[in-house]
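Below are the chains, spelled out letter by letter.
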Amino acid sequence: MGWTKLELVDAALEELGLAQYNFDVQPELKESARRRMDTMVAEWMARGLQLSYSLDSDINSDSGLSLTNSGAVYLALALRIAPGLGKTPSAETKTAYAAAMDSLWIRAAQPNERQPTNDLPRGEGQKPWRTIYNPFVPSPDVAPLRAPLDDVLDVAKD
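Residues numbered from 1 in each chain as written. Predicted model: local features only at pLDDT ≥ 70, side-chain atom pairs only at ≥ 80, totals over all residues. Heavy atoms only, no water.

Draft legend 1. Layout of the pattern of salt bridges. As enumerated under the stated definition, the model contains 6 salt bridges in all. Across the salt bridge formed by K30 and D10, the nearest N and O atoms sit 3.0 Å from each other. With K30 in helix 2 (residues 27-46) and D10 in helix 1 (residues 5-15), this pair connects stretches of sequence that are 20 residues apart. Like D10, K30 is buried. It is possible to trace a salt-bridge network through shared partners that takes in K5, E31, R34, D38 and D56. (Salt bridge = Lys/Arg side-chain N within 4 Å of Asp/Glu carboxyl O. Helix = DSSP H or I, 4+ residues; strand = E, 2+ residues; numbered from the N terminus. Buried < 20%, exposed > 50% of the residue type's maximum accessible area, 1.4 Å probe, protein only.)

Draft legend 2. Structural detail: the nonpolar core. M37, M40, V41, W44, L51 and V73 are the most contacted members of the largest nonpolar core, which has 30 residues in total. Breaking this core down by element, the ones donating at least two residues are helix 1, helix 2, helix 3 (67-85) and helix 4 (91-109). Contacts of V73, omitting those with residues within four sequence positions, involve L8, M37, M40, V41, W44, L51 and L65. (Core = buried A, V, L, I, M, F, W, Y, C linked by side-chain atoms within 4.5 Å. Contact = heavy atoms within 4.5 Å.)

Draft legend 3. Region of interest: helix 3. An ideal rise of 1.5 Å per residue puts 27 Å on 19 residues; helix 3 measures up with 27 Å between its terminal C-alpha atoms. Considering bend angle alone, the principal kink of helix 3 is centred on L79 and spans about 25 degrees; proline P83 follows within four residues of it. Inspection of helix 3 places N69, S70, A72, V73, Y74, L75, A76, L77, A78, I81 and A82 among the buried residues, and these make up the whole buried set. Where helix 3 is buried, its residues meet helix 1, helix 2 and helix 4. G86 occupies a position one or two residues after helix 3 and carries a positive phi of about 70 degrees. (Expected span 1.5 Å × (residues − 1). Bend = angle between axes of the 7 residues up to and from the residue.)

See the structure below:
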């Protein structure tokens, strides 16, 4: 399970020096920060950065984010809410935010893997006698693997 939205808001406030054990943070401030976080992640999704973020309105619900994405979200939230709180984020926070966002965009730029379809040409160097005059790559075998009765799956070729 990842972080809840409340934990992300608390982490953003801590990043700005407003830790709960030192300051009495009002629930209205946390709810406002949650709305800003929802809006911020929705903007990212509109720009093509797909995260598994849950856009429900409950601050105590699971955010749906993986641990690798949580840091970027709470750091970005800290930078977004800092002016309204009269806080100036530290240089370390800004540097960590830039690195986290770079990491998010790098992961987002990776192409999705997929199996080739049977309409993919083999290419210019393919000899006709190797493929029985079939110029296309065959579809992958997607049949489920079956084990013999003794439940030992042997994938080695004979």
